[in-house]
Amino acid sequence: MPIASFYTLPPTLLTPHEQQRGMCRVIAKVWQVMGEADILCPDRETGQIMDDLLWTFQAGAFVPHVRGTGESIRIHDGGVWPLQSKALVLCGLDELPTPVPACERLIDFIPVAEQTRDLARERYKRLKNAGFTMQVHPLEV
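Model, not experiment: these values are computed from the prediction. (Residues numbered from 1 in each chain as written. Predicted model: local features only at pLDDT ≥ 70, side-chain atom pairs only at ≥ 80, totals over all residues. Heavy atoms only, no water.)

1. Topic: the packing of aromatic side chains
So, point 1. Under the counting rule described, the total for this entry stands at two aromatic pairs.
So, point 2. Consider the rings of phenylalanine 6 and tyrosine 124, whose centres lie 5.3 Å apart with planes at 65°: the pair is edge-to-face. Linking phenylalanine 6 in strand β1 (residues 3–8) with tyrosine 124 in helix α3 (residues 114–129), this pair joins segments that are 118 residues apart in sequence.
So, point 3. Residue class for phenylalanine 6 comes out buried when judged on its relative accessible area of 0%.
So, point 4. Residues tyrosine 7 and phenylalanine 109 carry aromatic rings whose centres are separated by 6.1 Å and whose planes lie at 35° to one another, so their mutual orientation is tilted. Of this pair, tyrosine 7 sits in strand β1 while phenylalanine 109 sits in strand β6 (residues 102–110); the two residues are 102 residues apart in sequence, bridging distant segments of the chain.
So, point 5. The exposure class assigned to phenylalanine 109 is buried, which follows from its relative accessible area of 3%. (Phe/Tyr/Trp six-rings, centres within 6.5 Å; stacked < 30°, edge-to-face > 60°. Helix = DSSP H or I, 4+ residues; strand = E, 2+ residues; numbered from the N terminus. Buried < 20%, exposed > 50% of the residue type's maximum accessible area, 1.4 Å probe, protein only.)

Following this line, the structure appears as structure tokens:
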């Protein structure tokens, strides 16, 4: 049974840039534990931001990644998703992909802003109804 882990972004991470840096810390942990992941971004701009941040989010951190295919961490944007993945990381998506790619683990984030928080609640409900085992974790800063 697949697992969906939602990370609550703390209110101290006020700007989108700070929140994306927090997401990069989670992606680094996913890479360490799972060995690979597909990062799904809503658009090219968000994909480029995540690409840039994965190089600079933390001094001394190294997360091998590429836009598209060819590395253990792959960044996808604009609705072109893989059909399956060991781990999916949703970065800034308002809605789940349709269909949700087959995966062992799905990682999503619960933002601070109430409107986008409500969208995360909807994604949570949909994944739970689809049979995912649900987990919620605070994102440590």
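2. Quick look at the pairing of strand β4 (residues 73–77)
So, point 1. Across the five residues of β4, five count as buried, placing the element largely inside the fold.
So, point 2. Bridge count for strand β2 (residues 37–41) against β4 is five bridges, and the pairing is parallel. From the neighbouring strand, cysteine 41 faces β4, where its bridge partner is aspartate 77.
So, point 3. Sheet topology note: the strand β3 (residues 65–67)/β4 ladder contains three bridges and is parallel. Bridged to valine 66 within β4 is arginine 74. (Pairing = 2+ DSSP bridges.)

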